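# Structural overview
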Amino acid sequence: MVLERTFSILKPDVTRRNLTGKINEKIEAASLRIIAQKRLWLTLPQAEAFYGVHATRSFFNDLCAFMTSGPVVVQVLEGENAVVAYRDLMGATNPANANPGTIRKEFAESIEANSVHGSDSLETAALEIKFFFSDLEIVG
């Protein structure tokens with residue numbers, strides 16, 4: 001068994017509705033371990049840097065505004081095939097298209113306020129984890 005690490009953000013719509021614990025329960029029930037976690041309020045420069053890959057997309061400004069509208073919970077998850085496992089658990093970006101039982105189907109308010117972010121590859125996960133966490137903060 002090869003353990004992988006992936007990155008997760010519980011977005012402002014989750015923290016506003018006090019759903020962090022319910023989503024963490026789903027993560028852990030999917031055999032993913034939360035090995036680092038912290039709650040923070042992103043600044044606009046942080047959001048712009050983190051989502052910089054989308055800077056030329058039409059939704060970039062709205063995304064950054066949403067991600068700075070309230071606290072988020074950033075996490076490092078560990079488990080077998082963690083990237084794919086978490087993406088499957090999150091569900092489709094548009095909650096209307098998400099499978100039953102997924103986080104977005106159960107908790108997302110809209111395609112914009114879709115509750116969670118997860119890395120799309122191991123390479124992206126490594127970059128996103130380093131953006132928010134030092135090695136000392138990750139306890140595996």
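That block above? That's the structure.
All values derive from a computational prediction rather than experimental measurement.

Conventions adopted
Residues numbered from 1 in each chain as written. Predicted model: local features only at pLDDT ≥ 70, side-chain atom pairs only at ≥ 80, totals over all residues. Heavy atoms only, no water. Core = buried A, V, L, I, M, F, W, Y, C linked by side-chain atoms within 4.5 Å. Buried < 20%, exposed > 50% of the residue type's maximum accessible area, 1.4 Å probe, protein only. Helix = DSSP H or I, 4+ residues; strand = E, 2+ residues; numbered from the N terminus. Contact = heavy atoms within 4.5 Å. Pairing = 2+ DSSP bridges. Salt bridge = Lys/Arg side-chain N within 4 Å of Asp/Glu carboxyl O.

### Quick word on the nonpolar core
By size, the foremost hydrophobic cluster in this structure holds 21 residues, and its most contacted members are Phe7, Ile9, Met67 and Phe133. Looking at this core, the elements that each hand over two or more residues are strand S1 (3-10), strand S2 (33-40), helix H3 (44-50), helix H4 (60-67), strand S3 (72-80) and helix H7 (122-132). Residues contacting methionine 67, with those up to four places away along its chain left out, are Ile9, Lys11, Pro12, Leu42, Tyr51 and Val72. Formed by 15 residues, the second largest nonpolar core is a distinct cluster that contains Tyr86, Met90, Ile103 and Phe107.

### A look at the pairing of S1
Taken across its eight residues, S1 has six buried, putting it largely inside the fold. Two strands pair when backbone bridges link them, and S1 and S3 are joined in this way by eight bridges, in the antiparallel orientation. Its bridge partner being in S3, phenylalanine 7 is matched across the sheet by valine 76. The pairing of S1 with strand S4 (residues 116-118) spans three bridges and is classified as antiparallel. Note that in S4 the partner of serine 8 across the bridge is glycine 118.

### Topic: the pattern of salt bridges
Opposite charge on two side chains makes pairing possible when the charged atoms of those side chains draw close. For the structure on display, the rule yields seven salt bridges. In this structure, glutamate 78 engages arginine 5 in a salt bridge whose closest nitrogen and oxygen atoms are separated by 3.2 Å. Of this pair, glutamate 78 sits in strand S3 while arginine 5 sits in strand S1; the two residues are 73 residues apart in sequence, bridging distant segments of the chain. According to the relative accessible area criterion, glutamate 78 is buried, its value standing at 10%. Judged by relative accessible area, arginine 5 falls into the partly exposed class, the value being 36%.

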